[in-house]
Amino acid sequence: MSSDAIIEVAHVSKLYHIYDSPKQRLSQLFARGGRKHYREFAAIRDLSFRVERGQTVGVIGRNGAGKSTLLQMICGTLTPTDGEINVRGRVAALLELGAGFNPEFTGRENVYIASALYGLSRQQVDARFDRIVAFADIGAFIDQPVKTYSSGMFVRLAFAVIAHVDAEILVIDEALAVGDVFFQQKCMRFLRQFQANGGTMLFVSHDTSAIVNLCRTALWLKKPSTSEYVMGDSDEVCKAYLRDFYAQQVQEEPRAGDAAPDLAAPAPAQPGAVSFTPDTLQPSVVQISGFNAGGESFGRGGGRFVDACFVNARGQRIDTARAGEPVAVRLQVRIDQQVVYPAFGITIKDRLGQFIISESTDQAFRSSRVVFAAGDLVTVEFAFRMPELLQGHYMVDIAFAEGQGHDHVQHHWIHDAIALSSLNGRLVQGICGLPELSLRLARTPVGAELPA
Ligand SMILES: Nc1ncnc2c1ncn2[C@@H]1O[C@H](COP(=O)(O)OP(=O)(O)OP(=O)(O)O)[C@@H](O)[C@H]1O
């Protein structure tokens, strides 16, 4: 194995035996002379690649492409039929809901058992148990049998364990890094920190934007049962994957019930020009949560947030807003010690924890030397038009700092202080729509053009 590779996969194949009937399976048990009563199916065929220490590699492929099979082989829970896999480092995986948890045992007992499987001693688990429980945030359920857990609680505890076993390699199936939106943000923060600390990660997803966002390199398992694999720059690989995905959709037969447009039917009278205003473009509706005062936070505590909310143009608290509508984020801070050159910031993050929009008062406040005294209750409002966000969940981080530009300290930063949920029917990709978009269509029928 080459010195800097932490994972090396060399000519690996995994064949499954497919029995067409239970009788064939039984016959195989008593088969003699190497007779086969099954068909062989290659989930992975002759795959070779390597992952360097510190790399994050995204793994994509259509359903049944062999992603889970590959990752289970890397984790050591499946054995390759052919080829060799070398892994140098402790692997922790979140592939199957709480795999390794015994449903009859309590969460506490399972934490000890699962951690021991990752090589931690009892004393090591004792020392980090409280952090694991705090991360999972499942309260008194930690002493209940895990068979009583909801699937969300299961994922929380499973993720909390793998986040605390000092893994060098994490294998994450994005579909399982769920739970509620707050917990998802916590997981994304952990994964990004793990990357920043030089950890190695394999990240499986069908979502190419998530792959491009988190991984520099991607491995595309192109066609099930073939040895067609592509590995390279994640952006390039994802572009090729999407091209292929859409090309295949065109080739696929129309589904039953898909009515083809009747091109022979007389077309309705065609207007020469049509305009679509922001209103007729059906702006999305954004749902807004209350203030998550207990969100994860940090800061030196010269002041602390006591409220955060969205308000409308009349200054009233709102829990929904239409994209394009004038709104404001209103933040309230109780000052605990004198603050010179205060600054406030808001950041809207997507579900992957990626900063979409960040604004601060830094530039604006610099010209006037603002000073807050201990005991002040300060309110600040960022007023803007609600952006047109792609459908999905977002979080707003809020920050109260002191100082100018890069030279500042944080007094109170709250992660995920407000949750937003965009119900958007218009945007299909990207991050945001254009503000105040309107459309105009002009059509000049054949023969009606004016001579040049
Ligand atoms: N134990 C098994 N016995 C037989 N065939 C299997 C077995 N496990 C997986 N397969 C088959 O191997 C192929 C690859 O499966 P795998 O679960 O690895 O794909 P995947 O890319 O993870 O799919 P998905 O995105 O749907 O989770 C599939 O056709 C699947 O039906």
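In case you missed it, the structure is sitting above this.
Residues numbered from 1 in each chain as written. Predicted model: local features only at pLDDT ≥ 70, side-chain atom pairs only at ≥ 80, totals over all residues. Heavy atoms only, no water.

Student: Would you mind showing me how to read the overall build of the protein chain here?
Tutor: Looking only at helices and strands, the protein chain has nine helices and 23 strands in total. In the protein chain, buried positions account for 42% of the 452 residues. Summarising the internal contacts of the protein chain: among those between residues at least 6 apart in sequence, 74% fall at separations of at least 24. (Helix = DSSP H or I, 4+ residues; strand = E, 2+ residues; numbered from the N terminus. Buried < 20%, exposed > 50% of the residue type's maximum accessible area, 1.4 Å probe, protein only. Contact = heavy atoms within 4.5 Å.)

Student: What's the story with the site of the ligand in this structure? I'm lost.
Tutor: Neighbouring the ligand are 13 residues, the closest being Gly64, Gly66, Lys67, Ser68 and Thr69. Between the ligand and glycine 66 there is a distance of 2.9 Å, counted from an oxygen atom to a backbone nitrogen or oxygen. Burial of the ligand by the protein amounts to 59% of the accessible area it has alone, namely 630 Å². Where the shell around the ligand is concerned, the elements lending two or more residues are β1 (5-18), β2 (39-52) and α2 (67-75). Among the elements that make up the shell around the ligand, the one with the highest residue count is α2 (three residues). In terms of residue class, the shell around the ligand is built from five nonpolar, six polar and two charged. (Near = heavy atom within 4 Å. Polar contact = N/O pair within 3.5 Å; in protein donor to acceptor, adjacent residues only side chain to side chain. Areas by Shrake-Rupley, 256 points an atom, 1.4 Å probe, with all protein chains shown as cover. Nonpolar A, V, L, I, M, F, W, Y, C, P; charged D, E, K, R; others polar.)

Student: Even after reading the chapter, I still don't get the nonpolar core, so can you show me in this structure?
Tutor: Proteins that are soluble and globular tend to have nonpolar side chains buried together. Leu157, Phe159 and Leu170 are the most contacted members of the largest nonpolar core, which has 51 residues in total. Broken down by element, the residue count for this core peaks at nine residues, all from helix α5 (residues 151-162). Residues in contact with leucine 157, not counting those within four places in the same chain, are Phe101, Gly107, Val111, Ala136, Ile138, Ile142, Val146 and Tyr149. In this structure, Val286, Ile288, Ile335 and Met386 belong to the second largest nonpolar core, which totals 30 residues. (Core = buried A, V, L, I, M, F, W, Y, C linked by side-chain atoms within 4.5 Å.)

Student: Help me out: how do you make sense of the pairing of strand β8 (residues 217-221) in this one?
Tutor: On a regular strand, one side chain projects to one face of the sheet and the next to the other, so that they alternate. By the criterion of burial, β8 is predominantly enclosed, with five of the five residues buried. The side-chain alternation of β8 yields two buried faces, one formed by Thr217, Leu219 and Leu221 and the other by Ala218 and Trp220. Where strand β3 (residues 56-60) and β8 come together, four bridges link them in parallel fashion. Bridge assignment links valine 57 to a residue of β8, and that residue is threonine 217. Here β8 runs beside strand β9 (residues 229-233); their pairing, made up of five bridges, is antiparallel. In the sheet register, alanine 218 faces β9, and the bridge partner there is glycine 232. (Pairing = 2+ DSSP bridges.)

Student: Explain the packing of aromatic side chains to me, please; I cannot follow it from the model alone.
Tutor: The geometry of an aromatic ring pair is captured by two quantities: the separation of the ring centres and the angle between the planes. Taken as a whole, this structure holds 18 aromatic pairs when the rule is applied. Their ring planes at 80 degrees and their centres at 6.5 Å tell us that tyrosine 149 and phenylalanine 154 sit as a pair that is edge-to-face. Both residues of the pair, tyrosine 149 and phenylalanine 154, belong to the buried class. Between phenylalanine 159 and phenylalanine 190, the aromatic rings sit 5.9 Å apart at their centres with planes inclined by 85 degrees, giving edge-to-face as the arrangement. Highlighted residues: phenylalanine 159 in helix α5 and phenylalanine 190 in helix α6 (residues 181-196), separated in sequence by 31 residues. The buried category is assigned to phenylalanine 190, whose relative accessible area is 18%. In this structure an aromatic cluster arises from ring pairing among Phe135, Phe159, Phe183, Phe190 and Phe194. Sitting above the plane of the tyrosine 112 ring, arginine 122 keeps its charged end 4.4 Å from the centroid. The ring of phenylalanine 135 is capped by lysine 186, whose NZ or CZ atom sits 5.1 Å from the centre of that ring. (Phe/Tyr/Trp six-rings, centres within 6.5 Å; stacked < 30°, edge-to-face > 60°. Lys NZ or Arg CZ within 6 Å of the ring centre and 35° of its normal.)

Student: Which parts of the structure should I look at to understand the packing of helix α3 (residues 107-117) against helix α4 (residues 122-136)?
Tutor: Helix packing for two helices is described by the angle between their axes and how far apart those axes are. The geometry of α3 relative to α4 is characterised by a closest axis approach of 10 Å and an angle of 130 degrees between their N-to-C directions. Judged by the inter-axis angle, α3 sits oblique to α4. By crossing handedness, the relation of α3 to α4 is classed as right-handed. Only Arg122, Val125, Asp126, Phe129 and Ile132 of α4 make contact with α3, whose side of the interface consists of Arg108, Val111, Tyr112 and Ser115. (Axes fitted to C-alpha atoms, helices over the stretch in contact; angles between N-to-C directions. Parallel < 35°, antiparallel > 145°, perpendicular 65-115°, else oblique. Left-handed = near helix turned anticlockwise from the far one by under 90°.)

Student: Got a minute to help me understand α6 in this structure?
Tutor: Quick reminder: α-helices carry 3.6 residues per turn. Residues three or four places apart thus point the same way. Its 16 residues place the ends of α6 23 Å apart at the C-alpha level, agreeing with the 22 Å of an ideal helix rising 1.5 Å per residue. Taken from the residues just after α6, glycine 198 is the one with a positive phi, measuring 90 degrees. (Expected span 1.5 Å × (residues − 1).)

Student: Just to check I follow, could you spell out unusual backbone geometry for this structure?
Tutor: Working note: non-glycine residues mostly have negative phi, and peptide bonds are mostly trans. Backbone geometry at aspartate 166 places phi at a positive 55 degrees, although glycine is not the residue there. Looking at the secondary structure, you find aspartate 166 in the loop between α5 and β6 (169-173). The class for aspartate 166 is partly exposed, based on a relative accessible area of 49%. The phi torsion at aspartate 416 lies on the positive side, around 55 degrees, for a residue other than glycine. Tracing the sequence through the fold places aspartate 416 in strand β22 (residues 407-423). Accessibility expressed as a relative area gives 4% for aspartate 416, which makes it buried.

Student: Mind showing me how you'd approach the side chain of threonine 106 here?
Tutor: Its place among the elements puts threonine 106 in the loop between β5 (91-94) and α3. You can call threonine 106 buried: its relative accessible area is 15%. When neighbours within four sequence positions are excluded, threonine 106 is seen to be in contact with Ile142, Asp143, Gln144, Pro145 and Val146.

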